[in-house]
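Tertiary structure, described
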Amino acid sequence: MDFPKIAVPNMNMPTIPTNPNHASEFYERLVEMINNFDDDLDNAHEVGMRLVSFGQTIQFHVEDLGYYNPSLIRFYGKTDDGSAIELIQHVSQISFLLMAVKRLNPDEPKRKIGFSEE
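Residues numbered from 1 in each chain as written. Predicted model: local features only at pLDDT ≥ 70, side-chain atom pairs only at ≥ 80, totals over all residues. Heavy atoms only, no water.

1. Some words on the packing of aromatic side chains
A full pass over the atoms with the stated rule returns 2 aromatic pairs. Taken together, a centroid distance of 5.1 Å and an interplanar angle of 50 degrees make the contact between Y27 and Y67 tilted. Within this pair, whereas Y27 is found in helix α1 (residues 23-39), its partner Y67 is found in strand β2 (residues 59-68), the two being separated by 40 residues in sequence. Ring centres 5.4 Å apart and planes at 70 degrees place the aromatic pair F75 and F96 in the edge-to-face group. Placement of F75 in strand β3 (residues 72-78) and of F96 in strand β5 (residues 96-102) is noted, with a sequence separation of 21 residues between them. Taking relative accessible area as the criterion, F75 reaches 0% and is therefore assigned buried. One residue, R29, lies across the ring of F26, its end atom 4.8 Å from the ring centre. (Phe/Tyr/Trp six-rings, centres within 6.5 Å; stacked < 30°, edge-to-face > 60°. Helix = DSSP H or I, 4+ residues; strand = E, 2+ residues; numbered from the N terminus. Buried < 20%, exposed > 50% of the residue type's maximum accessible area, 1.4 Å probe, protein only. Lys NZ or Arg CZ within 6 Å of the ring centre and 35° of its normal.)

Here it is in structure tokens:
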């Protein structure tokens with residue numbers, strides 16, 4: 001059965017303003033900074049993170065980031081022994097040190113952090 005063709009009007013949807021204090025905006029800036037740091041590393045190293053705000057030293061290999069608006073950032077990665085780690089922090093508490101660490105899987109290609117980079 002042939003259906004009649006209907007002209008769909010061109011609707012210009014208004015742009016939804018972003019809130020610079022939302023986790024999604026922090027996420028975008030963090031992804032950019034982490035990938036810029038990674039761009040300066042050789043192929044034998046990847047981005048590691050050392051948490052600054054804990055009483056003990058916690059270091060891990062950064063695999064990805066996420067967020068939950070309005071204020072939570074999630075860091076995903078692995079420790080040196082390959083154990084999975086996930087850190088959830090409020091945007092007001094983010095404090096960490098980016099560092100070069102030996103890659104856990106040097107035979108696999110490096111990939112950028114964040115879904116927007118794929």
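Let's pick the thread back up.
2. With respect to the pattern of salt bridges
Applying the stated criterion across every chain, the model contains 5 salt bridges. Here K78 makes a salt bridge to E63, at a shortest N to O gap of 3.5 Å. Of this pair, K78 sits in strand β3 while E63 sits in strand β2; the two residues are 15 residues apart in sequence, bridging distant segments of the chain. K78 gets classed as partly exposed once you look at its relative accessible area, which sits at 28%. The residue D64 makes a salt bridge to R111 at a minimum N-O spacing of 3.9 Å. Note that D64 is positioned in strand β2 and R111 in the segment after β5, a separation of 47 residues in sequence. Looking at D64, the relative accessible area reads 22%, which means it is partly exposed. (Salt bridge = Lys/Arg side-chain N within 4 Å of Asp/Glu carboxyl O.)

3. Regarding the confidence of the model for the protein chain
Close reading of the predicted structure is inappropriate where its pLDDT is low. With 82% of its residues at a pLDDT of 70 or more, the protein chain has an overall mean of 85. Strand β1 (residues 45-51) is the least confidently modelled element of the protein chain, averaging 92 in pLDDT, while β3 averages 95, the highest of any element. (pLDDT = per-residue confidence, 0-100.)

4. Details of unusual backbone geometry
The residue after N69, namely P70, is reached through a cis peptide bond having omega 15 degrees. The topology assignment puts P70 in the loop between β2 and β3.

5. Comments concerning the nonpolar core
Counting 18 residues, the largest nonpolar core has M49, V62, L65, I73 and F75 as its most contacted members. Counting residues per element, the ones that place at least two in this core are α1, β1, β2 and β3. When residues in this core are grouped by element, the largest group, 5 residues, is from α1. The contacts of F75, once residues within four sequence positions are left out, are L30, M49, F60, D64, L65, I85, E86, L87, Q89 and F96. (Core = buried A, V, L, I, M, F, W, Y, C linked by side-chain atoms within 4.5 Å. Contact = heavy atoms within 4.5 Å.)

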